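Coordinates in review
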Amino acid sequence: MDDSSPAPSDGVRAEISRRRAVQLLGVGAAAAAVGTAAVGTAAASPAVDPQPLRAAVLEYKDPWTQAVGLRKLLEQAGFTVVALDLNRSATDQGVDLIAFGTFVNNGPDYYGYVSGRAASLREFVAAGGVVLDLAQSDQYDAAACYLPATMSAVRTDDDYNTVHRKADDHPLVSSLPVTDGRVFANRNSGSFQGVYVSWETIGSWYAMRVLLACGTAADAPAALLEGAHGSGRFLVSSLSVDKCYNEAGTVIQSAAALTDSRTFFTALATYVNRVRSGTAPAAVATAPPSRTSVGPLIGHVDGSTARIWARPGLDAALYPNWRCKVRTAGWERTFTAQISTDNDDTLLVDVAGLQANTTYDFTLTPSTSAAGFVALTGSFRTAPVAGTPAKVTLGLGSCADTVSNSVWTRIIDEGCDGFVMLGDTPYADVGNSGANATLAKARTHHRNFLALPEIASLARSMPVWGTWDDHDFGGNDTDGRSATKGIFRQAFVDYRANASFGHATGGTRALTGRGAGEGVYTSFRRGPVEVFLIDPRWFSDNRQGQRVCLGDTQKTWLQNALKGSTATFKVLASGMTWYDKAGGELDDWDTFKAEKLALLDYIKSQRISGCVLLSGDVHVSRAVQNFDATTAVPRPAGYDMWEYVVSPLHGRTLGPTFDVTSASAGQATRPRWVADPADPVKWSKDEPYTFLKLVADSTVTPATLTAQWINRSGAVLHTQTRTITELTRPA
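Let me sum up the structure you'll find in this document. (Residues numbered from 1 in each chain as written. Predicted model: local features only at pLDDT ≥ 70, side-chain atom pairs only at ≥ 80, totals over all residues. Heavy atoms only, no water.)

Moving on to the pattern of salt bridges. Inspection of every chain in the model, using the stated rule, returns 29 salt bridges. Its salt-bridge partner being Glu226, residue Arg233 comes within 3.3 Å of it at the nearest N-O pair. Residue classification places Arg233 among the buried residues on the basis of a relative accessible area of 8%. By relative accessible area, which is 0% here, Glu226 ends up buried. Salt-bridge contacts for Asp628 lead to Lys596; the nearest nitrogen and oxygen are separated by 2.9 Å. Linking Asp628 in the loop between strand 27 (621-625) and strand 28 (642-645) with Lys596 in helix 14 (residues 593-605), this pair joins segments that are 32 residues apart in sequence. Owing to a relative accessible area of 11%, Asp628 belongs among the buried residues under this scheme. By relative accessible area, Lys596 is classed as buried at 1%. (Salt bridge = Lys/Arg side-chain N within 4 Å of Asp/Glu carboxyl O. Buried < 20%, exposed > 50% of the residue type's maximum accessible area, 1.4 Å probe, protein only. Helix = DSSP H or I, 4+ residues; strand = E, 2+ residues; numbered from the N terminus.)

This is how it looks when you write it as structure tokens:
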């Protein structure tokens, strides 16, 4: 598939509107009509609309049903219908709807058009058009190849007569008659017996909403999908509800079945009008079923290597071996990997021999052909050469629910080079804690989380690193004594692609594989910044008199890595906060204060410059300065130590009483958080759907580290910039 066709410019939209008007009204009348705002309502009548609905149709009598009906049903619904002009692009058809009848992919015209005119179809939809693709044979075109790169729908060989509404309030399906919980229940009878309501049902999808499904289970295959692109919509379906007439125009369905089909196409007319007028409901994507492919996820990437993860969803016994083709201009290489049944049927591809600061595309496929499987694709950019001037942007965030959320799209839009999940990503302990915790449920949480369309789009377009906090470690406020931590660690390593995962059991060697081990700590460098993902959970004991956090091996690793780092800036990232979050819980670094002060003193004594602290967990975002300062030691690290707290990515916050801006802002505050020069909390904001954008820039002198807290609407909540001079201990 080629480009994803971004939304067209106003000029393109205007030209499409002009062409529609010329075909409808003639050149003279069109000049007056174009530019007039269309009013789309459920009761809108094409007869009084200055631009009546028009549809371009491709249909013919197929060998399976021996029937037609798409054109006739659309005309009965009020459309002016023309044949799809195969010699014209989608944007030149002069229509509002392009519709492909059931099984037209059994002939050559369908594939030639949807593949050759794919970019034009995307542009047509982005400008406000609707594409309807009814049931097609999976053996010819299993995947809808014209969809944007961030969207997919894949057909299977399964057929059903049990179709249920999954979006009861949606205008396309809300008016369909329901019998025993099913819609289109009157088909497949009489002379039409043996023709299924849903043929070659859709088994997997990305970034699309399920409107009709072949069952009531959450993971039931889809019969009608809706995907938003720009101002328009793609409708991909396995319904055969257009097949109501023979070539002579005689009805071959029952009267009730014909009524069902007419109801659907009448609703389609209303829907197209609403799309055209911009009043259609939002197409909130439905998470695909867990048995479908999850990934790819791009994990650790440095200047010469990359890790690519996926759970392809095919039977590991039939398709154990996989190929990953990686390419850039003038260079291509194929790497191999095997499905690991020990890691929940996932695979990890280790890619080597890459050039720094270079963009690569990749395609992941089984070594033997699998009918209907759509290649997993993505792209990434390697890190700049270490030590050379560079500007790098990282996104970071914590606390995310397994629901569709546009904050992930905002992270992409902000131009992040990579993203760091700081924990509670996901909440793997929901219904899965204590004695009830199982590995299967923990894996399901991770699988469903990464399958969310917005996260999937992010994960296949940039490197993603991760650590955990309490809810993906095993339970709220838990420490290393948790009896279930092994279960949650296994699920974590199954669904991440960090460079390493703690150390080997009983040893000190960094563990690059995904077997049993101790902790999940790791680090990575991206240009002028190195991020240390610390694990404060696995080795911790928060009992009075027993308080340890890092453990000896992790502590030695962290000290040596900090001392040996040549990165300008060093981010010490922890799922739990470095300051005392209060509230009675013990999972913050102030519980382990002696260990924290020893680490800050190590930074000071070794003159390690450029350090900042990072955390999440608490459902409020903050900038905290020198929390551990005392009168005797105002700067425990030898320079101002800032902690950037970012939380949550979801919508649940602590409340506006935690907001702090300035002493004169008039904000309601708790006494502890009164904005005061002596208070270490310099800024605090109760804001949902928030992530941190961290920009390290060594192309300027002195080098700068800029932190911006941004919400999913793109509003910048707070900005702070520190220079390397400010983050260096004075001589």
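Scanning the entire structure with this criterion turns up 24 aromatic pairs. Measuring from ring centre to ring centre gives 6.2 Å for Phe184 and Phe264, while their planes differ by 65°; the resulting arrangement is edge-to-face. Taken together, the residues span a long stretch of sequence, with Phe184 in the loop between strand 8 (182-183) and strand 9 (202-206) and Phe264 in helix 7 (residues 255-277) at a distance of 80 residues. In this structure, Phe184 and Phe264 share a single accessibility class: buried. Judged by centre distance (5.3 Å) and plane angle (50°), the rings of Trp309 and Tyr495 are tilted. Of this pair, Trp309 sits in strand 14 (residues 306-311) while Tyr495 is found in the loop between helix 12 (485-494) and strand 23 (522-526), placing the two residues 186 residues apart along the sequence. Tyr495 sits in the buried class, given a relative accessible area of 0%. A cation over a ring is seen here: Arg712 above Tyr689, with NZ or CZ 3.5 Å from the ring centre. (Phe/Tyr/Trp six-rings, centres within 6.5 Å; stacked < 30°, edge-to-face > 60°. Lys NZ or Arg CZ within 6 Å of the ring centre and 35° of its normal.)

The subject of this paragraph is the pairing of strand 9. The buried count for strand 9 comes to 5 of 5 residues, which makes it a mostly enclosed element. Summarising the sheet, strand 5 (residues 152-155) and strand 9 pair through 4 bridges and their orientation is antiparallel. Pairing of Ser152 across the sheet is with Tyr206, part of strand 9. (Pairing = 2+ DSSP bridges.)

Now for the sheet that holds strand 18 (residues 359-366). The strands making up a sheet associate through hydrogen bonds between their backbones, and the pairing can be parallel or antiparallel. Spatially, the 4 strands line up as an open sheet ordered 16-15-18-19, and their pairing is antiparallel. Among the strands making up the open sheet, the edge pair consists of strand 16 (331-338) and strand 19 (376-381). Ignoring which end each strand starts from, the neighbouring axes of this sheet average 20° apart. Pairing between strand 15 (residues 321-328) and strand 16: 8 bridges, direction antiparallel. Paired with Lys325 across the strands is Thr334, a residue of strand 16. (Axes fitted to C-alpha atoms, helices over the stretch in contact; angles between N-to-C directions.)

Another aspect to go through is the pairing of strand 30 (residues 690-697). Of all 8 residues that make up strand 30, 8 are buried, and the element is covered over most of its length. Along strand 30, one buried face is formed by Thr690, Leu692, Leu694 and Ala696 and the opposite face, lined by Phe691, Lys693, Val695 and Asp697, is buried too. Pairing of strand 30 with strand 31 (residues 704-711) involves 8 bridges; the strand directions are antiparallel. When the bridges of strand 31 are listed, Lys693 appears paired with Gln708. Between strand 30 and strand 31, which pair antiparallel one after the other, the connecting turn spans 6 residues.

Before going further, it helps to examine empty space enclosed by the protein. All told, the structure shown has 2 cavities of 30 Å³ or more when counted by the stated rule. Lining the largest cavity are 14 residues, and of these Leu613, Asn626, Phe627, Asp628 and Met641 sit closest to its centre. Those elements that provide at least two residues to the lining of the largest cavity are helix 14, strand 27 and strand 28. For the lining of the largest cavity, the class distribution of residues is 9 nonpolar, 2 polar and 3 charged. By volume, the second largest cavity is sized at about 40 Å³. Along its surface, the second largest cavity is lined by Val294, Gly295, Pro296, Leu297, Trp309, Leu450, Ile455, Ala456 and Ala459. (1 Å grid on protein atoms, 1.4 Å probe; cavity = no way out; pocket = protein on both sides within 12 Å on 5 of 7 lines; lining within 4 Å. Points joined across faces, edges and corners; volume = space filled by probe spheres on them. Nonpolar A, V, L, I, M, F, W, Y, C, P; charged D, E, K, R; others polar.)

The next point concerns the sheet that holds strand 23. Reading across from one edge, 23-24-25-26-28-27-29 is the order of the 7 strands in this open sheet, with mixed pairing throughout. Of all strands in the sheet, those bounded by a partner on one side alone are strand 23 and strand 29 (681-685). Sheet twist, expressed as the mean angle between neighbouring strand axes with direction ignored, is 15°. Alignment of strand 26 (residues 611-615) against strand 28, held across 3 bridges, turns out to be parallel. Along strand 28, the bridge assignment pairs Leu613 with Glu643. Lying over the sheet, helix 13 (residues 552-564) contacts strand 23, strand 24 (529-533), strand 25 (569-573) and strand 26, oriented at roughly 175° with respect to strand 24. (Contact = heavy atoms within 4.5 Å.)

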